[in-house]
Amino acid sequence: MAQKQHIPLGVGFYPDWFYNHYGISFDEKYYFDPETRIEARMGMDKALYDRFGDVGLGDPNPEPRPLITFGMVMLPAVFGCEIVFEKDALPWAMPLNLSREQVMKLELPDIFNSYPMKEMIKQVEYLKDKYGKVVGDINTTGVQNLALKLRGDQLYIDYFEDPELCHHLLRICAQAVLELFKFNKKVSGTGALDVTPMCDPKLCVLPNCTIEQISLSTYEKYVLPYDNFVADACAPIGVHHCGSVDQVLEGYSKLRHLEFIEIGFGSDVRRTRQVFGPNVAVNARINPVLMKNGTPEEVAAEVRRLIDNGDPLVNFSIDTVGLTYGTPDENVKVARMTAAEYGRIHQKPEKDKSPGVYAIPPGPSTRSARTSLRSPYREVTIGPNEPFVIIGERLNPTGRASLAEAIRQGNMEILQSEAMAQAEAGAHVLDVNVGISGIDEAETLKRAVLAVQEVTDLPLCIDSADPDALKAALEIYNGTPLINSVNGEPDKLASVLPLAKEFNAPVIGLTMDEKGIPKRAEDRVELAALIVEEAEKYGIARDNVIIDPLAMAISADYEAASETIRAIQLISQELGVNVTLGLSNISFGLPNRQDVNTIYLAMCATAGLNCAIIDPTNEQMQKAILVIEMLRGKDPYCSRYLAHFRKEVSAPSPQTRPREEDPGFKLRNAVVDGKRKEAVVLVQQALDTGLGPEQIINQYLIPALNTVGDKFEQRKIFIPEMMMAAKSVQACMDLLNPLIKKETTDAGLGTVVLGTVFGDLHDIGKNLVKLLLETSGFSVVDLGENVPPKRFVEAAREHGAQVVGLSSLLTTGDPYVEQTIQAVKGSDIGGIVKVICGGAAVTPKFVKNCGADAYAKDAAEGVKKIKQLLGILEG
């Protein structure tokens, strides 16, 4: 096969481009009548050649292609979604918005005996009879995409409040996706073409269009297991990702059998290459808004930038999908020509592969392990190049009679108090253990994990010798926890490692087996190697195995400390994994134990210890870690050490109440963290102390929402977290509204009319703006989607609105954005109503040229800009 001379650059036009230029319709007949579709595709190929043949697009003499396609709506239609067909748009599935009860009763439908799949099977039979084959495939929609069509935006809340529903729904969606992939492979041999033409058509490509809307921890906790379920059955696979991929790159690196990834505009191409290496093909997409509204020079510059970051170019490509009517021909040609000229692939000469010519690839001893643990809002990374990680040990009843009795009685408040104390003291992770006799450990551990997650955002280490208890806790944990632990016993390996794989959770491996704990360091290394090798057999990466070489009491064996230190060194060097230690065992039976523990910690850290299970409330140990990190060159400019010293000097007097004890501080945190129940309790407490409802809103709730907005703009949180925070404020307002004077409530901050412009059926951004506006005190009139210009004017006049907000995700909506702005500004209320626009399809320059008053890049900024337009907030 001839080698490529330059990188490919694909061009994909949106249906409105073909409809407005050539009258080619994409209505219902296009999808249900194969001959209509074949004729349309031939017309498209010829039109592209006539227009862009000089840059290699189209075909002067197109042959009939027996193509099957149904957009992204086949599976939503099978589940019962209404499908909207338009002449100039892709088909769109309207969400079912199923209730919880409906979701929990949901079962996998009989896909191939359901409408419209039965009609598609008839088309396949017809095409095979006439043409002898079929090409193309039916888009599988994707696991989360399909779940959102069935549950609606409520799924984002479910991720935090209803894990059971999420797993039930995602499992059914994954099964449906798998069945359709199997159908595609059987019928045409491809599972990729309807999603992207930029990869090997034999791949099965998962459409993950909505994953950009969730955090990495949410993806890994909920969606990744089901993506892997599909991947294992359909290997090899690819991923199509809309928007920036940056926040979930680490999650996709855990997706098995991945050979191709398509990343949306705004993605860090170079980092994508670094994460996946040279063997995973990468296709980078250019923003269709740039293609439509940018200059040829700007388009060429973007193509060159992508190429500069895409090396190795042999499996790198660029795509300009979604080009709508009004996209300049010159921009298309410039993109193609720039790729052909600037993207030349310089073939490297064959290397001499004789022995001794090249350096041996780095072995495990040189690798830098990185283990990531996550809660919904915080990520902790363990590794030799990362700060030392403290795993708090105090949520453990061993040797603590009062804690054991509280756990036995089902009293989780003591656990919560201990958790908050350790978090305040500086712990990075909390170990949770409820191992006492006479209880249902699985149920108790589950309750303990939930209780601790209510009061802290630290990741957890789930600690149990009972695999059933581990599984129960893992099923409800929100994030990526650490499992404590497995050892070299065959039964333990066989029962715990599958859990680590299933829940994508790192695991601690103890260097012991049925014979006990070896005395010699070399023997412990052998057991560590066994655990690592067994984990890799299950598909668990070394980064997700942390070895504990076990600290033994020096009072019983004077060589115990030195052997453990040697084991730490050897494990780090030979296996390239992270190392932890239950450190306090070393001083058992000795006086002045803290002195022993502190000095031993320093010795172990120098040997390669990355984290330790210790008491974070011990001030001496905390100071030791700060000094160790500073002296090892892991505290740039001694900043953490100096910050701790300044904190000691400026510590408040006992008479001064710490900020963390301030109810307002707790309330703001509860809102930011999306803890609805806790926020409502704190509002009631604030009312009980005599604070007025307006004071609570202005001093606590609105500042909390502002913090949430800032975090969203900085991409520190994502749509689910934003919605949870807004829902928390709503719950607080439900308590406060009856107490506020009616005239104050009626006046509010103002009235805003919202809607998605005509020709666009997307609504999640608009819905998020509505939620934030309402929780901020505005009255919102939601016109929905596909709203004609005159309806905005009528609604603004009817409701006395001060602001009209337009949302547009597709560049097909550009003419209607302009028409709507002109309709508002040209009406009798044009002088008093402000217009703001947002959405992926619009730019500040476009909005300004259309005559709007403001542009917002996202929901949080939209609320700020509306406040500025009305003089509520300074610009």
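Cut-off values and rules
Residues numbered from 1 in each chain as written. Predicted model: local features only at pLDDT ≥ 70, side-chain atom pairs only at ≥ 80, totals over all residues. Heavy atoms only, no water. Helix = DSSP H or I, 4+ residues; strand = E, 2+ residues; numbered from the N terminus. Rg over C-alpha atoms; globule rule 2.2 N^0.38 Å. Buried < 20%, exposed > 50% of the residue type's maximum accessible area, 1.4 Å probe, protein only. Contact = heavy atoms within 4.5 Å. Areas by Shrake-Rupley, 256 points an atom, 1.4 Å probe, with all protein chains shown as cover. Lys, Arg positive; Asp, Glu negative; His and termini not counted. Charge placed at Lys NZ, Arg CZ, Asp CG, Glu CD. Pairing = 2+ DSSP bridges. Salt bridge = Lys/Arg side-chain N within 4 Å of Asp/Glu carboxyl O. pLDDT = per-residue confidence, 0-100. Axes fitted to C-alpha atoms, helices over the stretch in contact; angles between N-to-C directions. Patch = residues over 30% accessible without salt bridge, like charges linked within 9 Å, V, L, I, M, F, W, Y side chains within 5 Å. Phe/Tyr/Trp six-rings, centres within 6.5 Å; stacked < 30°, edge-to-face > 60°. Lys NZ or Arg CZ within 6 Å of the ring centre and 35° of its normal. Parallel < 35°, antiparallel > 145°, perpendicular 65-115°, else oblique. Nonpolar A, V, L, I, M, F, W, Y, C, P; charged D, E, K, R; others polar. Left-handed = near helix turned anticlockwise from the far one by under 90°. Right-handed = clockwise from strand over helix to strand, strands pointing away. Core = buried A, V, L, I, M, F, W, Y, C linked by side-chain atoms within 4.5 Å. Polar contact = N/O pair within 3.5 Å; in protein donor to acceptor, adjacent residues only side chain to side chain.

**Examining the overall build of the chain**
- A tally of regular secondary structure across the chain gives 35 helices and 25 strands.
- In summary, the chain has a C-alpha radius of gyration of 30 Å against a globular reference of 29 Å for 875 residues, a match within 12%.
- In terms of overall dimensions, the chain has C-alpha extents of about 90 × 85 × 55 Å along its principal axes.
- Across the 875 residues in the chain, those meeting the buried criterion constitute 53%.
- Put simply, of all contacts in the chain between residues at least 6 apart along the chain, 71% involve residues at least 24 apart.
- Carbon and sulfur atoms make up 52% of the accessible area of the chain, which totals about 37,600 Å².
- Once the 90 positive and 116 negative side-chain charges of the chain are each reduced to a mean point, those two points are 2 Å apart.

**Some details on the sheet that holds strand 20 (residues 611–614)**
- Judged by pairing direction, the sheet is parallel, and its 8 strands sit side by side in the order 19-18-17-16-15-14-13-20 without closing on themselves. One side of each edge strand has no neighbouring strand; the edge strands of this open sheet are strand 19 (578–579) and strand 20.
- Where strand 14 (residues 429–433) meets strand 15 (residues 460–463), 4 bridges bridge the pair, whose relative direction is parallel. Bridging from a neighbouring strand, Leu-430 pairs with Leu-460 of strand 15.

**Side note on the pattern of salt bridges**
- A complete count under the given rule lists 41 salt bridges for this structure.
- Measuring nitrogen to oxygen at the nearest pair gives 2.3 Å for the salt bridge that ties Glu-161 to Arg-676. Here Glu-161 is found in helix 8 (residues 154–161), whereas its partner Arg-676 is found in helix 27 (residues 676–688), with 515 residues between them in sequence.
- You can call Arg-676 partly exposed: its relative accessible area is 26%.
- Across the pair Lys-182 and Glu-179 runs a salt bridge whose closest N-O atoms are separated by 3.9 Å. Of the two residues, Lys-182 and Glu-179 are both situated in helix 9 (residues 163–187); the distance of 3 residues between them amounts to about one turn of the helix.
- The exposure class of Lys-182 is partly exposed, given its relative accessible area of 45%.
- When its relative accessible area of 27% is taken as the criterion, Glu-179 is described as partly exposed.
- Several salt bridges share partner residues, and in doing so they unite Arg-520, Glu-522, Asp-523, Glu-563 and Arg-566 into one network.

**Concerning the confidence of the model for the chain**
- For the chain, mean pLDDT is 89; residues scoring 70 or higher make up 93% of the total.
- Low confidence marks residues 348–366, where pLDDT is under 50. Its contacts with residues over four positions away, or in another chain, come to 11 contacts.
- Predicted confidence is poor over residues 742–747, with pLDDT under 50, and the contacts of this stretch with residues over four places away or in other chains come to 2 contacts.

**Looking at the sheet that holds strand 6 (residues 204–207)**
- With parallel pairing, the 6 strands of this open sheet are ordered in space as 1-10-9-8-7-6. Edge positions in the sheet fall to strand 1 (9–13) and strand 6, since each has one partner strand and no second. Between one strand axis and the next, the sheet turns by 20 degrees as a mean value, whatever way the strands run.
- Across the sheet, helix 12 (residues 269–276) is in contact with strand 8 (258–263), strand 9 (281–285) and strand 10 (316–323); its angle to strand 8 comes to roughly 170 degrees.

**Overview of a nonpolar patch on the surface**
- A surface patch of nonpolar side chains, about 350 Å² in accessible area, is lined by Val-627, Leu-631, Tyr-641 and Leu-642.
- Among the secondary structure elements, those contributing two or more residues to the nonpolar patch are helix 24 (619–631) and helix 25 (639–649).
- Assessed through its relative accessible area of 32%, Tyr-641 is described here as partly exposed.

**Structural notes on the packing of aromatic side chains**
- Under the definition given, this model contains 19 aromatic pairs.
- Through a chain of ring-to-ring contacts, three or more aromatic side chains come together here, namely Phe-13, Trp-17, Phe-18, Tyr-22, Phe-26, Tyr-30, Tyr-31, Phe-32, Phe-52, Phe-70, Phe-85 and Tyr-115.
- Sitting over the face of the ring of Trp-92, Lys-149 holds its NZ or CZ atom 3.7 Å from the ring centroid.

**Thoughts on the side chain of Asn-504**
- Tracing the backbone shows Asn-504 in the loop between helix 20 (490–502) and strand 17 (507–510).
- Setting aside residues up to four positions removed in sequence, Asn-504 forms contacts with Glu-220, Leu-224, Lys-254, Thr-480 and Asn-544.

**Focus: the packing of helix 6 (residues 117–131) against helix 9**
- The geometry of helix 6 relative to helix 9 is characterised by a closest axis approach of 12 Å and an angle of 10 degrees between their N-to-C directions. Viewed along their axes, helix 6 and helix 9 adopt a mutual orientation that is roughly parallel. Residues Met-117, Ile-121, Val-124 and Lys-128 of helix 6 form the contact with helix 9, whose own contacting residues are Leu-180, Phe-183 and Val-187.
- By residue class, the composition of the contact of helix 6 with helix 9 is 6 nonpolar, no polar and 1 charged.

**Here we look at the packing of helix 27 against helix 29 (residues 719–736)**
- Look at helix 27 against helix 29: their axes get within 9 Å of each other, and the N-to-C directions meet at 35 degrees. Pair helix 27 / helix 29 crosses with right-handed handedness. Contacts from Arg-676, Ala-679, Val-680, Val-683, Gln-684 and Leu-687 of helix 27 reach helix 29 at Lys-727, Ser-728, Ala-731, Cys-732, Leu-735 and Leu-736.
- The residue makeup of the contact of helix 27 with helix 29, split by class, is 8 nonpolar, 2 polar and 2 charged.

**Notes on the pairing of strand 14**
- Counting buried positions over the 5 residues of strand 14 gives 5, a clear majority of the element.
- Here strand 14 shows no split at all, with Val-429, Asp-431 and Asn-433 on one side and Leu-430 and Val-432 on the other all buried.
- Here strand 13 (residues 389–395) pairs with strand 14 via 3 bridges, running parallel. Paired with Ile-391 across the two strands is Val-429, which belongs to strand 14.
- Read as a crossover between parallel neighbours, the route from strand 14 over helix 18 (residues 441–455) to strand 15 is right-handed.

**Quick notes on the environment of Val-314**
- Checked against the element boundaries, Val-314 lands in the loop between helix 14 (296–309) and strand 10.
- Placed 36 residues apart in sequence, Val-314 and Pro-278 show a C-alpha to C-alpha distance of 9.1 Å.

**A look at the nonpolar core**
- Tyr-159, Tyr-252 and Leu-667 are the most contacted members of the largest nonpolar core, which totals 150 residues.
- Tallying contributions element by element places helix 9 first for this core, with 14 residues.
- In contact with Tyr-252, not counting residues within four places along its chain, are Asn-208, Ile-211, Tyr-219, Val-239, His-241, Val-245, Leu-258, Ile-261 and Phe-276.
- By size, the runner-up hydrophobic cluster in this structure holds 74 residues, among which are Leu-395, Leu-499, Leu-570 and Leu-601.

**Some words on the environment of Arg-305**
- You can see Arg-305 is positioned in helix 14.
- A sequence separation of 36 residues divides Arg-305 from Val-269, and the C-alpha atoms of the two residues are 9.5 Å apart.
- Within the structure, Arg-305 has its side chain in polar contact with the side chain of Glu-302 (distance 3.0 Å).

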